[in-house]
Structure formats: C-alpha cells, structure tokens
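Given next are the chains, with one letter for each unit.
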Amino acid sequence: MDRCPPGGDAGARALAHVLHTPALPYDRSRGTHKRATVARIVEADCIGCTKCIQACPVDAIIGGAKHMHVVIEPLCTGCDLCLPACPVDCIEMLAV
Ligand code: SF4
Ligand code: SF4
C-alpha cells in the first residue's frame, strides 16, 4: 500500500484507511510522485505524421494521416511518451 508513487502520500493514506492499517508515507525508493498532467496537441502546428499515435500506450490519441490529431483527455495517463515522438514539438503537458 506504500509502493504507489502516482498515488503519493495521499494515496498511501487512503489505502491504509481502507485496509485498516497504520498509514505510512509512500516508499520513495519506488519512484517520485509528480502532479497529474494531461497531453494537449497544438493543433495549428500538427502535421499529421501519426507518430504520437504509435507512441501512446493507451490509445488516447486519434487522427488520420496528414490531418490534425487530438488527445482524448479522459484516456490520457500523462505518461509523456508522446512528447519525444513528435517531430515538430507540438505536444504539451498541462496540469489536470
Ligand atoms: S501522455 Fe501518454 S497517455 Fe497521454 S497522450 Fe501522450 S502517450 Fe498517450
Ligand atoms: S507526432 Fe506531433 S505532428 Fe505528428 S501527428 Fe502527433 S501531434 Fe501531430
């Protein structure tokens, strides 16, 4: 229950509450907690190369070849994997 960096200390506390065990800070050796983010494509700059679609592990990006692409925000986990895939740097991460 203390090994989930995405949940952070709040997640560890919530799990401890549900499990009726003492709350512990999450284990920092497992990774770093960061704020929740979501990807957004700057539509005017997108060249429709489809590389972000291939990079996204959860199929959160839609679009056709040579047409503007878009992120389906509820599906995006904020993993950042689409950022290096974009040849024109038109994907940005926004705080949720
Ligand atoms: S941040 Fe991750 S989940 Fe979100 S669109 Fe990019 S690759 Fe997909
Ligand atoms: S990788 Fe960048 S330019 Fe290519 S389709 Fe995705 S957002 Fe558009």
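Residues numbered from 1 in each chain as written. Chains lettered and ligands numbered in written order. Predicted model: local features only at pLDDT ≥ 70, side-chain atom pairs only at ≥ 80, totals over all residues. Heavy atoms only, no water.

Here we look at the domain arrangement of the chain
Taken domain by domain, the chain holds domain 1 (1-34) and domain 2 (35-96). Here the C-alpha centroids of domain 1 and domain 2 sit 29 Å apart. (Domains from an automatic or database assignment.)

What to know about the layout of surface pockets
Here the largest pocket defines a volume of roughly 210 Å³. In terms of lining residues, the largest pocket is bounded by 14 residues, among which P6, K34, R35, A36 and T77 are the most central. Classifying every residue of the lining of the largest pocket by side-chain character gives six nonpolar, five polar and three charged. When residues of the lining of the largest pocket are sorted by domain, at least three fall in each of domain 1 (1-34) and domain 2 (35-96). (1 Å grid on protein atoms, 1.4 Å probe; cavity = no way out; pocket = protein on both sides within 12 Å on 5 of 7 lines; lining within 4 Å. Points joined across faces, edges and corners; volume = space filled by probe spheres on them. Nonpolar A, V, L, I, M, F, W, Y, C, P; charged D, E, K, R; others polar.)

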